[in-house]
Amino acid sequence: MTKSWYSSAILLLSLFFVLVLSGCSSKGDAAASAGEGSGTPEALKIRIADINTNPTFRAALKQGIFESHGIDVEIINFGTPAEGVNALFIKQVDVAFGADFPVLNAVAKGDYSIIASAGQATDQAAAVWKLYVRDDIQSAADLKGKNLSFLRGTFLPYLWDEYLKEQGIALSDVKLTGQGAFDESFIALKQGDIDAAWFSGSALTDKLTALEGVHELTDMSKTPVRLGMGIVAADAFVEAHSDGIGAFLAAVDEASVYVQEHPEEVAELMFQEVKQPKEATLKDLPANPWKVGFTQAAYDSLAGQKKYMVDTGIITQDFDLGSKLKLEALKQVLPDKVTYPK
């Protein structure tokens, strides 16, 4: 009797443990299924290089546009777009944007490609770039023998070259001083350490207009230079995340439209996040619309800048520009905005 009772108890306990273990396994499988087969893919993490005067990425993040496209974005600030492009080389960022000059410098150095252009090669956008000089410089001819500033890694040496050439001044007639950011150039011009510098953005140019001993001499729209802008990424990242790159570009396109349609809201955002005066943002927005795509004009702008960089030895090894365009993801999400006939 006792032996039979013990046998029954052991059998019941065994069945109990089997049921408990089975239940745990079932819950574990359900949890795994919810994570893996729920139909909600994990958001792609993208680290984006940015600057304080660009509202496009910040608006996309604030309005949940990146999130709605399945992108988890981290914005990393730099003094200039060129610094952001250089951060690609040390894998500090995944995607960067910049003028043709730093973008071409990046793709010339290895496995990096242009995934879209962002427009801006217009007279209106060119007029935003203004040349401020000390008051003893009243004409271009007075630039001879002067100390002229440029931002390292940017297109500004090219702009100086083209502008001075039109004015009949050789580069050997001036001194070019490289600096790291607009703030550094502003302080140097204010103190008289340099004699002239190009600036962009109303927040800065408003301060320069009020600065004693300094005045605006001209702007870039009065030169032959027009500034294209590209978005660039490492080939390995593009190839590993082609769908994610497409989603990112679609999000940026959506954000660019949002920014132009909600200027007051964007001005408030820029003031809250980077303390940019609202009136400066409102001035800059109409002149700097982002237009994600790729056109013949975008290609021509890159090709012209590349020729200058190769001819002057900035790019030491020439390359096929077409091979550095990875537009497949862009064509998938914004086919009507890719009109370059590659």
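A. How the structure looks around the pattern of salt bridges. Tallied over the entire structure, the rule returns 14 salt bridges. Arginine 47 is paired through a salt bridge with aspartate 94; the nearest N and O atoms lie 2.9 Å apart. Taken as a pair, arginine 47 in strand β1 (residues 44-50) and aspartate 94 in the loop between α4 (81-86) and β3 (95-99) lie far apart in primary sequence, 47 residues in all. Its relative accessible area of 24% is what places arginine 47 among the partly exposed residues.

B. Looking closely at helix α12 (residues 263-274). Given a rise of 1.5 Å per residue, twelve residues ought to cover 16 Å, and the 16 Å separating the end C-alpha atoms of α12 matches this to within 8%. Listed as buried for α12 are Val266, Ala267, Leu269, Met270 and Val274. Viewed along the axis of α12, the buried residues span an arc of 160°, placing them on a single side of the element. If you follow the buried residues of α12, they end up packed against α2 (56-62), α11 (242-261) and α13 (278-287). Of the residues trailing α12, lysine 275 is marked for its positive phi of about 65°.

C. A look at the packing of aromatic side chains. On inspection of all chains with the given rule, the structure shows 16 aromatic pairs. Centroid distance phenylalanine 57 to phenylalanine 97: 5.9 Å. Interplanar angle 75°. Geometry classified as edge-to-face. Taken together, the residues phenylalanine 57 in helix α2 and phenylalanine 97 in strand β3 connect sequence positions 40 residues apart. By relative accessible area, which is 5% here, phenylalanine 97 ends up buried. On the basis of an interplanar angle of 40° and a centroid distance of 6.3 Å, the ring pair of phenylalanine 57 and phenylalanine 248 is categorised as tilted. Residue phenylalanine 57 is located in helix α2, and its partner phenylalanine 248 is located in helix α11; the two are separated by 191 residues in the primary sequence. The buried category is assigned to phenylalanine 57, whose relative accessible area is 1%. Here the aromatic cluster, defined as three or more aromatic residues joined through ring pairs, consists of Phe57, Phe66, Phe97, Phe248 and Trp290. Positioned above the aromatic ring of phenylalanine 271, the side-chain terminus of lysine 275 is 5.2 Å from the ring centre.

D. Region of interest: the environment of alanine 118. Note on placement: alanine 118 falls in the loop between β4 (112-117) and α6 (123-126). Spatially, the C-alpha atoms of alanine 118 and glycine 228 are 7.7 Å apart, while their sequence positions differ by 110 residues. Filtering out sequence-adjacent residues up to four positions away, alanine 118 remains in contact with Met229, Pro289, Trp290 and Lys291.

E. Local environment of α13. Residues of α13 that are buried include every one of Ala280, Thr281, Asp284, Leu285 and Ala287, and no others. Along α13, the residues classed as buried sweep out an arc of 165° about the axis, all on the same side. If you follow the buried residues of α13, they end up packed against α6, α9 (202-209), α11 and α12.

Parameters at a glance
Residue numbering note: each chain is counted from 1, following its sequence as written. This being a predicted model, a pLDDT of at least 70 is required before a residue's local features are given, and a value of 80 or more before pairs of side-chain atoms are given or counted; all residues contribute to the totals for chains, interfaces and linings. Hydrogens and waters are ignored; side-chain quantities use all the structure's heavy atoms. What counts as a salt bridge is simple: a side-chain nitrogen of Lys or Arg found within 4 Å of a carboxyl oxygen of Asp or Glu. Helical segments are the DSSP runs of H or I of at least four residues, strand segments are the runs of E of at least two, and each set is numbered from the N terminus. Burial classes: relative accessible area under 20% of the type maximum marks a residue as buried, over 50% as exposed, and values in between as partly exposed (1.4 Å probe, protein chains only). Multiplying 1.5 Å by the residue count of a helix minus one yields the expected span of that helix. Arc, as used here, means the arc of the directions from the helix axis to the C-beta atoms. The criterion used for residue contact is that any of the two residues' heavy atoms lie within 4.5 Å. Aromatic pairs are defined between Phe, Tyr and Trp rings, using the six-membered ring for Trp, whenever the two ring centres lie within 6.5 Å; interplanar angles under 30 degrees are classed as stacked, those over 60 as edge-to-face, and all others as tilted. Over a ring means this: the NZ of a Lys or the CZ of an Arg is within 6 Å of the ring centre and within 35 degrees of the ring normal.

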